[in-house]
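Structure assessment
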Amino acid sequence: MILELDCGNSFIKWRVLTGASGSVFSEGVVDSDQMLLSELKALAGLFLRKCRLVSVRTTEETGALIEALEQAFGVSVVCASPAREMSGVRNGYDDFERLGLDRWVAMLGGFHLASGACLVLDFGTAVTADFIASDGEHLGGFICPGMPLMRNQLRTHTRKIRYGDLAAERALASQAPGRSTVEAVERGCALMLQGFVLTQVEMARGYWGADFMVFITGGDANLVSGIVPQARIVPDLVFVGLAMACPLS
Ligand SMILES: Nc1ncnc2c1ncn2[C@@H]1O[C@H](COP(=O)(O)OP(=O)(O)OP(=O)(O)O)[C@@H](O)[C@H]1O
Ligand SMILES: CC(C)(CO)[C@@H](O)C(=O)NCCC(=O)O
Ligand SMILES: [K+]
């Protein structure tokens, strides 16, 4: 079995693939290394052979997680690393090592699935957009605050915006103008993300006409699903690209 990890800024997304068929044996989202280890240890029938991961955390944090995994499961861990070019995609950053590795592997996955020009949108703690032309050239991208950062900025920098998680979830059942603080904030931020998607797609049309694919991924992808009918929601896009960046023999 292969353990795959996407270590983001707030959460670790994990899944275990069975060696033979590559089908998903188990998966989850955790908010700490400790929780990851305990969820894995609780899995009946787990026999990890290898692990591959992509991380946007510091070298120290990622190193500590790798060490913990090696100790707990005796697995060898392979880490996605920056590259100027891979699987037909050319990193568009002036300083290619600075491009977030989650963006990089999602781009590899997107270009592979599209076999052509694509726009990759990721809705996590941060929101990112990346443009890859049909020849694999990464034209660059955008980074903005995601839903958790937007709502927390409002909560932190105002006196009277206060509400709980459950109310927030309920507020998102509709998009009508809010009639309470929670509705006004949650729907307002969701509309910001939707407007972002439309702007990015407009820009992609400017480059490529109608000849491109749009991929949407990340924990908050559901907030923008349906905005662009032709967009594909691919929750595991990072894992698709991770397998390409870290082939295991
Ligand atoms: N099962 C889940 N567990 C945790 N968060 C979830 C889950 N499903 C959806 N979310 C939402 O996903 C968002 C976080 O997205 P995601 O996990 O893709 O990114 P992240 O790890 O926080 O950050 P990064 O952008 O650095 O990858 C949160 O706003 C959260 O509400
Ligand atoms: C933008 C995030 C936080 C998105 O997860 C991550 O890709 C990252 O830390 N990137 C480094 C900065 C950059 O990509 O330019
Ligand atoms: K991410």
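None of these values were measured; they are calculated from a predicted model.

Topic: the site of ligand 2
Around ligand 2 sit Asn9, Val56, Tyr93, Arg98, Leu99, Gly100, Asp102, Arg103, Thr128 and Ile143, and those are all the residues in its vicinity. A distance of 2.8 Å separates an oxygen atom of ligand 2 from a polar backbone atom of Gly100. At 2.8 Å, a side-chain N or O of Arg103 approaches an oxygen atom of ligand 2. When ligand 2 is considered free in solution it has 380 Å² of accessible area, and contact with the protein chains removes 73% of it. When each cavity is represented as a set of grid points, ligand 2 is found to reside in the largest pocket. Here the shell around ligand 2 is composed, by residue class, of 4 nonpolar, 3 polar and 3 charged.

What to know about the UniProt feature "active site" (unreviewed entry) in the protein
When the UniProt feature table is mapped onto this chain, "active site" (unreviewed entry) is found at Asp102. Position of Asp102 among the secondary structure elements: in helix α3 (residues 101–114). Apart from residues lying up to four places away in sequence, Asp102 is in contact with Val54, Val56 and Val238.

Here we look at the packing of helix α1 (residues 33–41) against helix α2 (residues 59–73)
Taken N-terminus to C-terminus, the directions of α1 and α2 make an angle of 20°; their axes are 11 Å apart at the nearest point. The orientation of α1 relative to α2 falls into the category roughly parallel. Seen along the crossing, α1 lies across α2 with a hand that is right-handed. In this structure, α1 contributes Asp33, Leu36, Leu37, Leu40 and Lys41 to the contact, and α2 contributes Glu61, Leu65, Ala68, Leu69, Ala72 and Phe73. In terms of residue class, the contact of α1 with α2 is built from 8 nonpolar, no polar and 3 charged.

Let's talk about the confidence of the model for the protein
Close inspection of predicted coordinates is inappropriate in any region flagged by low pLDDT. On average, residues of the protein score 97 in pLDDT, and 100% of them reach the 70 mark or higher. For this predicted complex, the interface confidence score (ipTM) comes to 0.92, while the overall pTM stands at 0.96.

A look at the layout of surface pockets
Here the largest pocket is characterised by a volume of approximately 1200 Å³. Elements with a minimum of two residues in the lining of the largest pocket: β2 (12–17), β3 (24–30), α3, β8 (118–123), β9 (126–132), α4 (147–157), α5 (165–171) and α7 (237–245). Considering every element that reaches the lining of the largest pocket, the biggest residue donor is α4, with 5 residues. Classifying every residue of the lining of the largest pocket by side-chain character gives 17 nonpolar, 13 polar and 15 charged. Ser55, Val56, Arg57, Thr58, Thr59, Thr62, Gly63, Cys79, Ala80 and Leu101 are the residues that line the second largest pocket. The dominant element in the lining of the second largest pocket, judged by the number of residues it contributes, is α2, at 3 residues. Residues that form the lining of the second largest pocket fall into these classes: 4 nonpolar, 5 polar and 1 charged.

A short note on the nonpolar core
Core analysis: the biggest nonpolar cluster contains 31 residues, and Leu119, Leu121, Phe123, Leu193, Val214 and Ile216 have the highest contact counts within it. It is helix α6 (residues 181–208) that provides the largest number of residues to this core, a total of 9 residues. Ignoring sequence-local partners within four residues, the contact set of Val214 consists of Leu119, Leu121, Val201, Ala231 and Arg232. Grouped together as the second largest cluster of nonpolar side chains are 24 residues, Trp104, Met107, Cys118 and Ile132 included.

Quick notes on the rules
- Throughout, residues of each chain are indexed from 1 in the direction in which the sequence is written.
- As they are written, the chains are lettered A onward and the ligands numbered 1 onward, keeping that order.
- Totals for whole chains, interfaces and linings use all residues, but because this is a predicted model, local features are given only for residues with pLDDT of at least 70 and pairs of side-chain atoms are given and counted only at 80 or more.
- As a rule here, side-chain values cover all heavy atoms of the structure and leave hydrogens and water aside.
- By convention in this text, a residue qualifies as near a molecule or strand provided that one of its non-hydrogen atoms is within 4 Å of it.
- Under the rule applied, a polar contact is a pair of N or O atoms within 3.5 Å (in protein, one hydrogen donor and one hydrogen acceptor; residues adjacent in sequence only if both atoms are side-chain atoms).
- Values of accessible area rely on a 1.4 Å probe in the Shrake-Rupley scheme; residue burial ignores everything except the protein chains shown.
- Buried and open spaces are told apart on a 1 Å grid over the protein atoms alone, a cavity being a set of points where a 1.4 Å probe fits but cannot get out and a pocket being an open set with protein on both sides within 12 Å along at least five of seven lines. Residues with an atom within 4 Å of a point are the lining residues.
- Think of it this way: if more than half of a molecule's atoms are within 2 Å of a pocket's grid points, that molecule is in the pocket or cavity.
- Under the scheme applied, nonpolar residues are Ala, Val, Leu, Ile, Met, Phe, Trp, Tyr, Cys and Pro; charged residues are Asp, Glu, Lys and Arg; polar residues are all the others, including Gly.
- UniProt positions are given in the numbering used here, feature names are shortened, and annotations may be inferred rather than shown by experiment.
- The helix count covers DSSP runs of H or I at least four residues long, the strand count covers runs of E at least two residues long, and both are numbered beginning at the N terminus.
- Pairs of residues are marked as contacts when any of their non-hydrogen atoms sit within 4.5 Å.
- Lines fitted to the C-alpha atoms define the axes, with helices restricted to the stretch that makes contact. Angles between their N-to-C directions range from 0 to 180 degrees.
- Orientation categories follow fixed angle ranges, with anything under 35 degrees roughly parallel, anything over 145 roughly antiparallel, 65 to 115 roughly perpendicular, and all other angles oblique.
- Note on convention: the crossing is left-handed when the near helix lies turned anticlockwise from the far helix by less than a right angle, right-handed when the turn is clockwise.
- For every residue, the predictor states its confidence as a pLDDT score lying anywhere from 0 to 100.
- Grid points are joined across faces, edges and corners, and a volume is the space filled by probe spheres set on the points.
- Residues grouped as a nonpolar core are buried Ala, Val, Leu, Ile, Met, Phe, Trp, Tyr and Cys residues, joined through side-chain atoms within 4.5 Å.
- Think of it in three bands: with a 1.4 Å probe and only protein chains considered, a residue is buried below 20% of the maximum accessible area for its type, exposed above 50%, and partly exposed in between.

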